[in-house]
Amino acid sequence: MKRGLFSLLVLAPLFLSAQKTNFSITIHFKLIVPAKYVYVYMNYERRIDTLPFPTNDTLNYKGVINHPGTFQIKTDSSAPISLWIDSTPIFLSCSEEKTKYSYTSLNINGLQSSEDAKLYFQMTVPRSSTKKLPLNLTKVEMDSIFRSDRFNYCYNQVDSLFKIRPTSPIIPFYISFYQNLLGADAVRSFFERLTDESQNSEQGQKIKIFLERSVLLQKGTVVENFTMKNPKGKKLSLHAVSAKYI
């Protein structure tokens with residue numbers, strides 16, 4: 001029994017390391033504002049790395065993450081760029097441009113990496129559209145049109161991903177990112193189209209929690225009674241509250 005336990009303890013690090021993802025990022029910067037540092041924010045890892053700006057303007061950055069995900073990368077004065085990072089090395093160049101704000105923008109050029117990274121980049125390219133609206137609209141009517149347009153945009157973005165690359169791990173990310181705009185019904189329909197692997201991923205489980213909470217908060221749902229202390233330390237049960245809204 002002890003020998004078996006020892007074997008498991010020895011093998012455990014090997015199992016854990018097998019779940020890690022090695023990544024490599026190479027960025028050639030063309031700046032107009034000198035920078036001292038490059039900041040790398042790993043969204044899923046909730047970690048920020050501060051790196052000295054490379055003397056040759058080319059950042060070579062490698063590391064290990066728990067699983068593929070999104071990175072935000074910026075310099076001292078620039079707005080961040082967003083990248084999908086996985087086990088495939090990513091190469092790109094960033095040219096800096098001035099904006100009317102206090103920060104500059106970094107434009108991505110010549111990105112080379114995995115199909116998922118390329119697809120994520122295509123999804124993040126800014127798009128502009130013009131729409132003629134009827135005259136003399138009320139604020140309520142304007143808000144309704146705005147919400148409808150935002151919903152359609154988000155829905156079509158996610159739907160297009162399923163058509164282009166149905167097994168891509170970036171799909172759960174976009175569903176989660178747009179979930180509040182899409183609403184529970186649309187999110188549920190997208191979640192059911194995900195592969196089993198995507199549904200069971202960390203991002204997929206977050207979507208599942210969102211859907212479970214949306215059911216709990218539906219009008220007319222009966223919540224089981226519970227008791228907790230109020231700020232003054234007095235016990236109070238849910239069903240003892242007689243207010244119209246809780």
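Just above sits the structure.
Notes on the structure in this doc start here. All values reported here derive from a predicted model rather than from experimental measurement. (Residues numbered from 1 in each chain as written. Predicted model: local features only at pLDDT ≥ 70, side-chain atom pairs only at ≥ 80, totals over all residues. Heavy atoms only, no water.)

Description of the overall build of the chain
Across its full length, the chain carries seven helices and 10 strands. Across the chain, the fraction of contacts at a sequence separation of at least 24, relative to all contacts at a separation of at least 6, is 55%. Surface exposure of the chain reaches about 16,800 Å², of which carbon and sulfur atoms provide 57%. (Helix = DSSP H or I, 4+ residues; strand = E, 2+ residues; numbered from the N terminus. Contact = heavy atoms within 4.5 Å. Areas by Shrake-Rupley, 256 points an atom, 1.4 Å probe, with all protein chains shown as cover.)

A closer look at the packing of aromatic side chains
Note on aromatic pairs: each is described by the distance of the centres and the angle between the planes. In the structure shown here, the tally under the stated rule is 15 aromatic pairs. For the pair F23 and F71, a centre-to-centre distance of 5.3 Å together with 75 degrees between the ring planes defines the contact as edge-to-face. Of the two residues, F23 is situated in strand β1 (residues 21-30) and F71 in strand β5 (residues 69-75); the sequence distance between them amounts to 48 residues. Both residues of the pair, F23 and F71, belong to the buried class. Each ring, one from F177 and one from Y178, has its centre 5.4 Å from the other, and the planes form 65 degrees; the classification is edge-to-face. Three or more aromatic residues link up through ring pairs in this structure, and these residues are W84, Y120, F173, Y174, F177 and Y178. (Phe/Tyr/Trp six-rings, centres within 6.5 Å; stacked < 30°, edge-to-face > 60°. Buried < 20%, exposed > 50% of the residue type's maximum accessible area, 1.4 Å probe, protein only.)

Thoughts on the pairing of strand β6 (residues 81-85)
Burial of β6 is extensive: five of the five residues sit out of reach of the surface. Judged by which residues are buried, β6 turns out to be covered on both faces: I81, L83 and I85 on one side and S82 and W84 on the other are all buried. When β5 meets β6, the two strands line up antiparallel, connected through five bridges. Paired with G69 across the bridge in β6 is I85. (Pairing = 2+ DSSP bridges.)

A look at empty space enclosed by the protein
Enumeration over the complete set of coordinates arrives at one cavity of 30 Å³ or more. Volume-wise, the largest cavity comes out at about 40 Å³. Taken together, M42, N43, Y44, E45, I65, H67, G69, T70 and F71 make up the lining of the largest cavity. In terms of residue count, the dominant contributor to the lining of the largest cavity is β5 (three residues). (1 Å grid on protein atoms, 1.4 Å probe; cavity = no way out; pocket = protein on both sides within 12 Å on 5 of 7 lines; lining within 4 Å. Points joined across faces, edges and corners; volume = space filled by probe spheres on them.)

Things to note about the packing of helix α4 (residues 170-182) against helix α5 (residues 184-193)
With their axes 7 Å apart at the nearest point, α4 and α5 run at an angle of 150 degrees to one another. Crossing of α4 over α5 shows right-handed handedness. Of the residues in α5, those in contact with I175, Q179 and L182 of α4 are A184, A186, V187 and F190. Its residues assigned to classes, the contact of α4 with α5 comprises six nonpolar, one polar and no charged. (Axes fitted to C-alpha atoms, helices over the stretch in contact; angles between N-to-C directions. Left-handed = near helix turned anticlockwise from the far one by under 90°. Nonpolar A, V, L, I, M, F, W, Y, C, P; charged D, E, K, R; others polar.)

Concerning the layout of surface pockets
The calculated volume of the second largest pocket comes to roughly 410 Å³. A per-class count over the lining of the second largest pocket returns five nonpolar, six polar and four charged.

Considerations on the nonpolar core
By size, the foremost hydrophobic cluster in this structure holds 25 residues, and its most contacted members are Y174 and I175. Among the elements of the structure, α2 (115-124), α3 (139-164), α4, α5 and α7 (202-216) are those that each provide at least two residues to this core. Per-element accounting of this core gives the leading share, seven residues, to α4. Discounting residues that sit within four places of it in the chain, I175 has contacts with V158, F162, L182, V187, F190, L194 and I207. The next biggest cluster of nonpolar side chains, apart from the first, holds 24 residues, and it includes V40, I85, I90 and C94. (Core = buried A, V, L, I, M, F, W, Y, C linked by side-chain atoms within 4.5 Å.)

Details of the sheet that holds β6
Strand order in this open sheet of four strands is β3-β2-β5-β6, and the pairing throughout is antiparallel. Every interior strand has two partners, whereas the edge strands, β3 (47-52) and β6, have only one. With strand direction ignored, the average angle separating the axes of adjacent strands in the sheet is 25 degrees. When strand β2 (residues 37-42) meets β5, the two strands line up antiparallel, connected through five bridges. For V40, the partnering residue across the bridge sits in β5 and is I73.

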